[in-house]
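Take a look at the letters that make up each chain.
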Amino acid sequence: MSSPEENTYQVIKALCEESNLLAFVEGQEEYEQSLKRLFNGSQSNKPKAFIKPETTDEICHVLQYASANQLQVSVLGGGHDPKGLAIIRVGLVLDLSAMKEIEIDVETATAWVEAGVTVKELDDVTCPLGLAAVNGSCTDVGVIGLTLGGGFGFLSRTQGLAVDNCLQIEIVTATGQRIVASPQKHEQLFWALRGAGHVGYGVVTKVQVKLHKLQEKYVGGE
């Protein structure tokens, strides 16, 4: 009779064979790289495997499969969770660091930002355009984690928190359904995501944020 641990490995193996996704297990370099991305170095959890999805469709497939096969899943975004909740012992971790797409609309001064984008990466794209999001001061924090947690930054005194500048949120539910929540559609979910901290409504894959025009001089003196 298989142990629960062996059953978990078998489920993950079957998921990868079905979807052509790669799972990284302990001893592989990619596994160790994902594990080291967690800001809280004191946590000792080690998951059965990491998967690095590159698209929302891949996340939908993983969560659909996980829901049907009682596979526990956690999410590793920027890795700056002080409690280390991104890493679980008994299941699979989705490492979203490969999801780096940023779509800027200069006319509407908005940006769609995927789950693997950090504060620095967003600033590097927006600042040359004379625009900036309400971002934090730590450059390697994930934009989505910062935003869902409130997000105080350099522009907050005049533009509010990062979460106040969040316009739409794309989320994949535990059953693999993709939803775009906004003040006009799925408004209760949008409200909850913008204030519920780390409550697990699903995997947020990207957010649309408001951008602000930069003054000619925004830091420094003469």
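Note: the structure precedes this text.
Residues numbered from 1 in each chain as written. Predicted model: local features only at pLDDT ≥ 70, side-chain atom pairs only at ≥ 80, totals over all residues. Heavy atoms only, no water.

With that settled, the discussion passes to the sheet that holds strand 10 (residues 203-210). Strand pairs in the sheet, formed through backbone hydrogen bonds, run parallel or antiparallel to each other. A sheet is described by the order of its strands in space; here five strands give the open sequence 5-6-10-8-9, paired in antiparallel fashion. Looking at which strands have only one partner, the edges of the open sheet turn out to be strand 5 (102-105) and strand 9 (178-181). Within this sheet the neighbouring strands show an average axis-to-axis angle of 15°, counted without direction. In this structure, strand 6 (residues 110-114) lies alongside strand 10, joined through five bridges in antiparallel fashion. Bridge pairing in strand 10 links Trp 112 to Gln 208. Where helix 4 (residues 119-126) meets the sheet, its contacts fall on strand 5 and strand 6, and the angle it forms with strand 5 comes to roughly 35°. (Pairing = 2+ DSSP bridges. Helix = DSSP H or I, 4+ residues; strand = E, 2+ residues; numbered from the N terminus. Axes fitted to C-alpha atoms, helices over the stretch in contact; angles between N-to-C directions. Contact = heavy atoms within 4.5 Å.)

With that settled, consider the packing of aromatic side chains. Tallied over the full model, the rule gives one aromatic pair. Plain terms: the ring middles of Tyr 31 and Phe 50 are 5.1 Å apart, the flat faces sit at 75° to each other, and that makes the pair edge-to-face. One end of the pair, Tyr 31, is in helix 2 (residues 29-36); the other, Phe 50, is in strand 2 (residues 49-51), with 19 residues separating them in the sequence. Residue classification places Tyr 31 among the buried positions, given a relative accessible area of 0%. With relative accessibility at 0%, the residue Phe 50 sits in the buried group. The ring of Trp 112 is capped by Lys 206, whose NZ or CZ atom sits 5.2 Å from the centre of that ring. (Phe/Tyr/Trp six-rings, centres within 6.5 Å; stacked < 30°, edge-to-face > 60°. Buried < 20%, exposed > 50% of the residue type's maximum accessible area, 1.4 Å probe, protein only. Lys NZ or Arg CZ within 6 Å of the ring centre and 35° of its normal.)

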